[in-house]
Amino acid sequence: PESIVTSTICNSTCWDAKGYGFVFNSWDLGMSWLPKMDAKPYPIPLAGGALMMFGRAFFGKIGGFDSGMIKWGREDSEISFRTWTMGHEVIIDPRVEAGYLFRERFPYELDDSIVSRNVLRFSVIHFNKDRIKKVIRHLKSCSDFHSYYDKRTLNEFMQKRQDLNLRKAYDDDWFFEKFNIK
């Protein structure tokens, strides 16, 4: 009752292509889908936003989706990460499969600077200084970096960080060690 539960995510155009949760693979918080680890439900680092289930009371307890995340980009990672650091779990039931249409291009306009801003928000809120520096070093190579990196925005992110730190049971070091993320 106090976990995020998700299913296997299958590519709806190639049903054999399946992901069993995901893990970060780069400092832009890119992801790699995980292989199946068990036939029964088990913990995973991060659940894809295609299908996440949680009880209403638990959703409220963890603060719901972060309203500071804009439009699309890393909101699924953020709520999964926050769930773990608040002392709860993200569980996959590999027996349940949900199809998802992965697109080469979105059918709507997606501003890369919004995704990058969400990556920055995620890292400032949840990561230690060394990890934040690695994310910023990566984001600085993006041409739109200065459109979302300013003092006011960072102060907003730091306020959210302070609020969440009061509720956390674990930090990012614990998470990265638990899931052996380098």
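Data block above holds the structure.
This one's a predicted model, so the numbers in the text were calculated from it and none came from an experiment.

Definitions and limits used
Residues numbered from 1 in each chain as written. Predicted model: local features only at pLDDT ≥ 70, side-chain atom pairs only at ≥ 80, totals over all residues. Heavy atoms only, no water. Pairing = 2+ DSSP bridges. Helix = DSSP H or I, 4+ residues; strand = E, 2+ residues; numbered from the N terminus. Axes fitted to C-alpha atoms, helices over the stretch in contact; angles between N-to-C directions. Parallel < 35°, antiparallel > 145°, perpendicular 65-115°, else oblique. Left-handed = near helix turned anticlockwise from the far one by under 90°. Contact = heavy atoms within 4.5 Å. Nonpolar A, V, L, I, M, F, W, Y, C, P; charged D, E, K, R; others polar.

**Q** Looking at this structure, how should I read the pairing of strand S7 (residues 89-100)?
**A** Strand residues, when the strand is regular, have side chains that alternate between the two faces of the sheet. Where strand S1 (residues 3-11) lies against S7, nine bridges are found, and the strand directions are parallel. For Asn11, the partnering residue across the bridge sits in S7 and is Tyr100. Where strand S5 (residues 42-43) lies against S7, two bridges are found, and the strand directions are antiparallel. The residue of S7 that forms the bridge with Tyr42 is Ile92.

**Q** Would you take a moment to explain the packing of helix H3 (residues 112-126) against helix H4 (residues 129-139) for this structure?
**A** When two helices pack together, you describe them by how their axes are tilted relative to each other and by the distance separating the axes. Contact pair H3 / H4: the axes reach a minimum separation of 9 Å and the direction vectors enclose 165°. When the interaxial angle is binned, H3 and H4 end up roughly antiparallel. The handedness of the crossing between H3 and H4 is left-handed. Residues Ser116, Val119, Leu120, Ser123 and Val124 of H3 form the contact with H4, whose participating residues are Ile132, Val135, Ile136 and Leu139. Considering only residue class, the contact of H3 with H4 consists of seven nonpolar, two polar and no charged.

**Q** Got a minute to help me understand unusual backbone geometry in this structure?
**A** With the exception of glycine, most residues fall at negative phi, and the peptide bonds are largely trans. The phi dihedral of Leu29 is positive, around 60°, even though this residue is not glycine. Within the fold, Leu29 resides in the loop between strand S3 (22-24) and strand S4 (31-33). In this model, Asn180 sits at a positive phi of 50°, which is unusual for a non-glycine residue. Within the secondary structure layout, Asn180 lies in the segment after helix H7 (172-178).

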